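Take a look at the letters that make up each chain.
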Amino acid sequence: MKKKVMDLLCCPVCKGPLVLHVDSEEKGEILSGSLSCSHCKVRYAITEGIPDLLPHESA
Amino acid sequence: MKDEDVKRAVKRHYTQAATKGTCCCGGAKDEDISKALGYVEKDISAFPEANLGLGCGNPIALGRIREGDVVLDLGSGAGLDCFLAARKVGTTGHVIGVDMTEAMIEKARKNAATYGFKHVEFRLGDIGQLPVDNASVDVIISNCVINLAPDKKAVFADAYRVLKHKGRMFISDIVLLKELTSEQRNDVDLITGCVSGAMLRDEYLNLIKDAGFAVTILAENTAISKQQYQSIPLESLTVEATKP
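For clarity, every value in this text was computed on a predicted model and none was experimentally measured.

K.L.:
I would appreciate a short explanation of the sheet that holds strand S5 (residues 163-176) of chain B in the present structure.
P.N.:
Strand pairing in a sheet relies on backbone hydrogen bonds, with the paired strands running either antiparallel or parallel. Residues and elements named next belong to chain B. One open sheet accounts for 7 strands, arranged S3-S2-S1-S4-S5-S7-S6; its pairing is mixed. Of all the strands in the sheet, the pair left with one neighbour each is strand S3 (120-124) and strand S6 (214-221). Adjacent strand axes in the sheet meet at a mean angle of 20°, parallel and antiparallel pairs treated alike. In the sheet, strand S4 (residues 137-143) pairs with S5 via 6 bridges, with the strands oriented parallel.

K.L.:
What exactly am I supposed to notice about the packing of helix H1 (residues 3-20) of chain B against helix H6 (residues 102-115) of chain B here?
P.N.:
Working note: a packed helix pair is described by the angle between its axes plus the distance between those axes. Residue and element names in this part refer to chain B. Close contact between H1 and H6 brings their axes to 7 Å; oriented N to C, the two are set at 30°. The angle between H1 and H6 places the two elements in the roughly parallel class. Note on element contacts: H6 touches H1 through Ala 103, Met 104 and Lys 107, opposite Tyr 14, Thr 15, Ala 17, Ala 18 and Thr 19. Of the residues that constitute the contact of H1 with H6, the class distribution is 5 nonpolar, 2 polar and 1 charged.

K.L.:
What's the story with the pairing of S3(B) in this structure? I'm lost.
P.N.:
All names here are of chain B. Within S3, 5 of the 5 residues are buried, which leaves it mostly tucked inside the rest of the structure. The alternating pattern of S3 places Val 120, Phe 122 and Leu 124 and Glu 121 and Arg 123 on opposite faces, both of which are buried. In this sheet, S3 lies alongside strand S2 (residues 94-99) in parallel orientation, the contact comprising 5 bridges. Residue pairing across strands places Ile 96 opposite Glu 121, the latter belonging to S3.

The rules behind the values
- Residues numbered from 1 in each chain as written.
- Chains lettered and ligands numbered in written order.
- Predicted model: local features only at pLDDT ≥ 70, side-chain atom pairs only at ≥ 80, totals over all residues.
- Heavy atoms only, no water.
- Pairing = 2+ DSSP bridges.
- Helix = DSSP H or I, 4+ residues; strand = E, 2+ residues; numbered from the N terminus.
- Axes fitted to C-alpha atoms, helices over the stretch in contact; angles between N-to-C directions.
- Parallel < 35°, antiparallel > 145°, perpendicular 65-115°, else oblique.
- Contact = heavy atoms within 4.5 Å.
- Nonpolar A, V, L, I, M, F, W, Y, C, P; charged D, E, K, R; others polar.
- Buried < 20%, exposed > 50% of the residue type's maximum accessible area, 1.4 Å probe, protein only.

This is the structure in structure tokens:
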């Protein structure tokens, strides 16, 4: 995913903002890392460039 | 069947569709299905890997998508409609595909790389709980997906939330013209095949209106019942829903 789409993203559960943590990046594309919601205390993984923003079942 | 069991069955079926190329449509060729639904030859031949023949209409052809728009595809599958939308929005616009099936998202992302689209993004998500910010999207598209969602009211409410003022939603979906039997309602193959999760036509239209949208019917295709659905009384409906 690209950094510039961050402002389109939100937590699927509380709709609050997400904080991006980058582990690896290539040409402006985030390949791995996470998006966390401070309100729900949940981290959504970014793996192979794909953010997994499915609501966590326990959430 | 419980909502979670429906979602699991749908994921299983569409993981297979992504990896093995099976479809819900009785063995007809993907290209032939897509042509019957209003896709033109040059569109489907431009993105063969992205066309799995899983749609039931062509919301892109009927939808007004402008250069610079942010477009969101609910249930983006292998990405065909996202790529067609991407050509319309140009590089000043952006297209986001959301799908809950990992194998589809992986396939779509590979396809985007193959076809060289830098302004198309895919993410795993639930269309009833979108990971998309309020009032951030110009156009929502969705092709034959919402019938699979157990909570359609949540889908339309969330679509309304993410659309900007005057935002447009273009949906093609299967709707029923007569109530199904209880056996049909609980048939897993009919659920994943876009039949048993479908609502009655008028109830479906009312649900979109109840979410706050102004609704215009763009197309209704009853021939699809015979062509792909063993004459079960249903049709493919394409609507435009505007956020006032």
